[in-house]
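Breakdown of the fold
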Amino acid sequence: MSLFHSSTPFLATSRTCWNTCPPLTSRSLLVSVTRRRRHPSRRVFRLNSYPTIQCDSAMAIDGGSSTSSRVLLESLLYSRAFWVSKSTIAWDVDAGDGSCYLYGSKTANLSVANGEIQGYDVKIDLGKGNDKLPEHVIERFPHIRDYKSLQVPLTVDVAGLLKYQLAVAFITSGGKCTTITGLQLPGVLDELFSYNGPLGPIFSDESISLYLWAPTAQDVRVLIYREPEGGDHLEVVQLEEQNGVWSASGPLTWNCCYYVYEVSVYHPSTLKVEKCVANDPYARALSADGKRTLLVNLNSETSKPEGWDDLVDEKPVLLSFSDISVYELHVRDFSACDNTVHPDIRGGFLAFTSMDSAGMLHLKKLSKAGITHIHLLPTFHFGGVDDEKGKWEHLDFQVLESFPPDSEEQQAQVTAIQNVDGYNWGYNPVLWGVPKGSYASNPNGINRIIEFRKMVQALNRIGLRVVLDVVYNHLYASGPYDKDSVLDKIVPGYYLRRNLDGLIEHSTCMNNTASEHFMVERLIIDDLLNWSINYKVDGFRFDLMGHIMKRTMVNARTVLKSLSKLEDGVDGPSIYLYGEGWDFGEVANNGRGINASQFNLGGTGIGSFNDRIRDAMLGGSPFGHPLQQGFITGLFLEPNDHDHGSKSAVENMLAAAKDHIQVGMAGNLKEFVLTNYEGQEAKGCEVPTHDGAPVAYASCPIETVNYVSAHDNETLFDIVSLKGIPFFHCGDEILRSKSLDRDSYNSGDWFNRLDFSYGSNNWGVGLPPKEKNERNWPLIKTRLADPSFKPTRSQILAALENFSSFLSIRYSSPLFRLRTANAIQERVRFHNIGPSWIPGVIAMSIEDGYGGVAGLAQLDPTYSYIVVIINVGPTVVTFTSPALQGRNLQLHPIQMNSTDDIVKDSTYYSPSGCFRIPSRTTSVFVESRSS
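Just so it is clear, the structure is predicted and the values come from calculations on it, not from any experiment.

Counting its regular elements, the protein contains 22 helices and 41 strands. For 931 residues, the compact-globule estimate of 2.2 N^0.38 gives 30 Å, and the C-alpha radius of gyration of the protein, at 30 Å, lies within 12% of that figure. By its C-alpha atoms, the protein is 95 × 65 × 60 Å across when sized along the principal axes. Burial analysis of the protein (931 residues in total) assigns 62% to the buried set. Within the protein, residue pairs in contact and separated by at least 24 positions form 72% of the contacts whose partners lie at least 6 positions apart. Surface exposure of the protein reaches about 33700 Å², of which carbon and sulfur atoms provide 51%. The distance from the centre of the 84 positive side-chain charges to the centre of the 104 negative ones in the protein is 0 Å.

Written out as structure tokens, the structure reads:
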């Protein structure tokens with residue numbers, strides 16, 4: 001599998017710690033207003049409703065002092081005990097000679113004074129259980145495996161009690177409270193209220209019904225409105241509860257009306273019963289900026305473009321996931337600066353329906369060359385960009401163009417309006433199941449639904465399937481008050497993953513979700529079904545997939561695979577799943593259960609990004625020194641000013657990088673055997689990375705996604721421009737630059753511009769934004785000011801032709817897209833191996849069989865043998881291999897017929913097996929069956 005513009009991992013840093021603050025009231029809260037997109041180099045947190053004071057979970061207090069009462073009361077802001085099942089509470093406390101009690105207050109009036117707990121409606125004596133929790137509990141909650149067990153009496157009305165403010169406390173034999181804390185409830189909620197029935201708005205011929213899962217809510221009402229915002233409600237309807245699900249039915253006249261839920265529920269972040277106003281978690285349409293949920297039947301003819309129901313039969317053919325090549329694209333980037341698109345639809349879904357625009361003509365070229373899937377950065381309802389375009393602020397590009405290429409002025413003007421313009425990558429999830437309104441011609445009504453469908457339809461019709469970037473690992477907001485908070489208003493403390501203190505985990509940088517909880521997993525899978533069935537998308541790329549449980553991913557794959565054209569209008573088995581399998585934060589090493597990280601996904605058929613081949617090719621990692629070189633950026637062969645170590649150390653680095661790349665070229669398969677640079681045979685899983693982890697992790701080729709460039713970090717052109725000499729045979733297909741911005745998530749159209757007229761690659765449009773680039777400005781400034789770094793139009797066109805040529809070569813033979821690990825092991829060989837290798841050269845052969853001849857099966861009717869030789873060095877290389885003697889190899893016809901005169905100088909001399917490869921060139925030789 002090949003991938004262009006994908007995504008990169010980021011490393012977790014130490015957990016954020018809160019310093020002790022001056023004494024405040026018992027309900028003092030720290031409410032943050034930070035709103036930023038998660039990024040490898042960014043440790044920015046979106047925090048809501050966090051306590052300002054911490055105290056140790058088992059702090060012994062003199063119950064008679066006012067200070068101790070205050071600290072005990074503050075302890076209620078934490079939830080350090082876990083109600084893991086109907087009969088068991090886990091708590092890391094030594095009861096000693098005292099007793100543990102469960103307290104509940106329906107009106108949230110628990111307090112502590114003089115060592116006594118007051119304001120409770122219920123007090124329950126908890127029996128001491130075994131010192132060790134049951135195995136089934138440890139399996140579900142491995143992070144509390146060492147907690148002690150407390151037993152809840154069988155006579156307790158647990159379901160009713162879960163609607164209360166709850167706390168457990170240790171009471172001494174003298175009757176004084178010395179320790180108290182709140183409870184985390186997901187375990188018992190899953191046991192009692194796991195639910196597979198209808199949720200969200202359900203349309204029938206007679207009525208519209210609403211279903212909301214909210215087992216801890218004390219009351220739920222729905223407010224119906226005619227308008228998308230403002231005005232009086234048409235009616236208020238009381239929902240009725242049954243087993244944690246609240247429901248109501250209304251007339252068909254509700255159709256095209258708007259609604260919000262009013263949920264009365266205890267919220268642990270405020271220690272109050274809050275009346276929360278929230279959208280429907282299963283919303284399928286919204287008003288502008290998600291002010292209200294819109295009732296719309298996605299199966300109605302009015303919500304479908306012409307020919308929508310027939311699209312399943314128009315999909316481009318996909319015989320195997322091994323045939324996929326993915327091209328990542330941001331909806332706004334695609335057309336915001338394309339003057340061939342009508343101004344009214346630039347930057348939105350409908351731009352993809354402008355078939356004669358420069359952008360669509362470009363995509364047609366890529367489709368013809370072999371790109372199979374367009375991966376769209378987040379298109380669901382996200383925060384950070386106003387849906388109403390009239391509220392955006394804009395810059396005068398003519399003014400920006402007047403400044404020097406290395407000026408600070410452009411970034412200053414861009415960042416001054418970056419939070420009020422129309423740009424953001426979109427990794428700020430608010431509601432997963434609704435298209436983003438800012439990409440629609442009108443964010444109210446059903447336009448965003450119709451226009452999204454038209455986009456999918458248009459891309460399918462030029463031969464491109466559509467992948468959605470889904471962000472299920474975190475949410476943009478939490479707490480009872482934030483307008484962008486939804487799930488945490490409806491079932492507080494359930495949807496978001498919390499640490500041992502009961503505070504929301506932020507390792508993804510904001511409000512981590514908890515797919516290990518039943519109804520979170522269900523919401524994710526239901527959302528995937530929504531996009532698959534209602535929008536006929538063809539795949540999903542999972543942001544920070546390692547923060548999702550493996551079980552969730554496998555269940556999602558199973559459910560999607562079961563979809564059929566006949567029953568669902570979808571070919572489920574052709575939907576491909578892949579994502580970022582990084583293993584860090586609270587989920588690292590299966591800390592919350594078996595997670596969907598790279599090493600856990602073998603055998604699932606789910607793909608994950610291969611950062612090993614990226615780092616080996618580019619050098620270092622996205623987090624290292626910007627001048628750290630790699631295999632294709634001049635390491636050892638064209639050294640820059642960076643100190644890479646001694647000559648022998650650098651040569652070994654280059655050789656190790658070659659091994660990593662070769663494993664990647666062989667599908668990153670764990671069991672693939674190659675000869676490493678030391679001359680020893682080793683499996684892919686035995687080849688180590690710099691930190692000793694195995695390079696290979698895949699069981700079959702579709703489980704690895706190879707890439708070198710992504711929306712995260714610098715573009716490939718920019719990375720090469722930093723680390724070595726720019727060369728135009730490699731890189732993004734039109735040498736895209738962001739003026740060396742390593743993090744353009746919120747850098748506006750100026751730094752993210754795409755030019756499909758091929759007149760410019762956007763290099764040298766000013767120093768990139770200060771926030772994440774200032775440290776490297778001295779280095780960046782010298783390059784931006786040097787006009788030799790800026791490619792000409794002819795060089796951009798040459799890069800596009802080379803990009804297209806290699807895609808076409810990939811699809812010229814099934815030998816480049818072998819479908820099984822066994823086929824790769826049998827047919828793929830590497831040459832120029834061992835200690836005597838020629839530095840900077842990779843030589844790979846792929847062998848086919850012959851029909852009717854024992855041995856390898858014949859897969860390719862055209863070519864029987866293929867050799868690929870990569871020379872990344874600055875000079876011509878002559879490479880001889882006895883194993884490749886006597887073949888009837890010719891340069892691939894696509895390269896022979898290209899306008900690239902350099903690659904045409906590649907030669908092969910059969911009697912000796914000698915190849916001559918020009919500098920910085922990849923040459924493909926084929927043996928034709930007709931020769």
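With that out of the way, let us pick up the packing of aromatic side chains. Using the criterion set out here, one finds 29 aromatic pairs in the structure. Pairing F382 with Y439 gives two aromatic rings, centres 6.2 Å apart and planes at 65°, and the pair type is edge-to-face. Taken together, the residues F382 in strand 25 (residues 380–382) and Y439 in the loop between strand 26 (429–435) and helix 9 (447–461) connect sequence positions 57 residues apart. Owing to a relative accessible area of 4%, Y439 belongs among the buried residues under this scheme. Among the aromatic residues, ring-to-ring pairing joins F349, F382, Y439, F452, W531 and Y535 into one connected group. When the ring centre of W750 is taken as reference, the NZ or CZ atom of R753 above it lies at 4.1 Å. The ring of Y850 has R929 sitting right over it, with the charged end atom 5.0 Å from the ring centre.

What follows deals with the nonpolar core. One finds W83, L363 and F540 to be the most contacted residues of the largest nonpolar core, which totals 162 residues. Residue contributions to this core peak at eight residues, all from helix 11 (residues 518–534). Not counting chain neighbours up to four residues away, the residues in contact with L363 comprise Y327, L329, F334, F352, I374, L459, I462 and L464. Counting 45 residues, the second largest nonpolar core, distinct from the first, contains F672, L674, W837 and Y863.

Moving on: the packing of helix 14 (residues 611–618) against helix 15 (residues 647–665). Closest axis-to-axis distance for the helix 14/helix 15 pair is 8 Å, and the angle between their directions is 140°. What the angle tells us is that helix 14 and helix 15 run oblique. Taken as a pair, helix 14 and helix 15 cross one another with a handedness that is left-handed. Contacts from I613, A616 and M617 in helix 14 reach A657, H660, I661, G664 and M665 in helix 15.

Moving on: the pattern of salt bridges. Summed over the entire model, instances satisfying the criterion amount to 37 salt bridges. Notably, a salt bridge pairs D387 with K436, separated by 2.8 Å at the nearest N-O pair. With a gap of 49 residues between them, D387 in the loop between strand 25 and helix 7 (397–401) and K436 in the loop between strand 26 and helix 9 connect regions that are remote in the sequence. Of the charged contacts, one joins E401 and R753 as a salt bridge, the two residues approaching to 3.5 Å between their closest N and O atoms. Residue E401 is located in helix 7, and its partner R753 is located in the loop between helix 17 (748–752) and helix 18 (770–773); the two are separated by 352 residues in the primary sequence. By relative accessible area, which is 17% here, R753 ends up buried. Each of D469, R541, D543 and E580 takes part in salt bridges that share partners, so that together they form one network.

Moving on to the packing of helix 11 against helix 12 (residues 550–561). With their axes 10 Å apart at the nearest point, helix 11 and helix 12 run at an angle of 35° to one another. Our pair here, helix 11 against helix 12, has a crossing hand that is right-handed. Mapping the contact onto sequence places E521, I524, I525, L528, L529 and S532 in helix 11 and R551, T552, N555, A556, V559 and L560 in helix 12. Considering only residue class, the contact of helix 11 with helix 12 consists of seven nonpolar, three polar and two charged.

A few words now on the confidence of the model for the protein. Considering every residue of the protein, the mean pLDDT works out to 90; 92% of them sit at 70 or more. Low confidence marks residues 725–731, where pLDDT is under 50. Its contacts with residues over four positions away, or in another chain, come to 23 contacts.

Okay, the sheet that holds strand 35 (residues 841–847) next. Across the sheet, which stays open at both edges, the five strands sit in the order 34-35-36-41-38 with antiparallel pairing between neighbours. With one partner strand each, in any of the chains shown, strand 34 (828–831) and strand 38 (890–891) form the two edges of the open sheet. The pairing of strand 34 with strand 35 spans four bridges and is classified as antiparallel. Considered in strand 35, the bridge of R829 is made with S845. Against the sheet, helix 15 contacts strand 34, strand 35 and strand 36 (863–871), and its axis sits at roughly 25° relative to strand 35.

The rules we used
- Residues numbered from 1 in each chain as written.
- Predicted model: local features only at pLDDT ≥ 70, side-chain atom pairs only at ≥ 80, totals over all residues.
- Heavy atoms only, no water.
- Helix = DSSP H or I, 4+ residues; strand = E, 2+ residues; numbered from the N terminus.
- Rg over C-alpha atoms; globule rule 2.2 N^0.38 Å.
- Buried < 20%, exposed > 50% of the residue type's maximum accessible area, 1.4 Å probe, protein only.
- Contact = heavy atoms within 4.5 Å.
- Areas by Shrake-Rupley, 256 points an atom, 1.4 Å probe, with all protein chains shown as cover.
- Lys, Arg positive; Asp, Glu negative; His and termini not counted.
- Charge placed at Lys NZ, Arg CZ, Asp CG, Glu CD.
- Phe/Tyr/Trp six-rings, centres within 6.5 Å; stacked < 30°, edge-to-face > 60°.
- Lys NZ or Arg CZ within 6 Å of the ring centre and 35° of its normal.
- Core = buried A, V, L, I, M, F, W, Y, C linked by side-chain atoms within 4.5 Å.
- Axes fitted to C-alpha atoms, helices over the stretch in contact; angles between N-to-C directions.
- Parallel < 35°, antiparallel > 145°, perpendicular 65-115°, else oblique.
- Left-handed = near helix turned anticlockwise from the far one by under 90°.
- Salt bridge = Lys/Arg side-chain N within 4 Å of Asp/Glu carboxyl O.
- Nonpolar A, V, L, I, M, F, W, Y, C, P; charged D, E, K, R; others polar.
- pLDDT = per-residue confidence, 0-100.
- Pairing = 2+ DSSP bridges.

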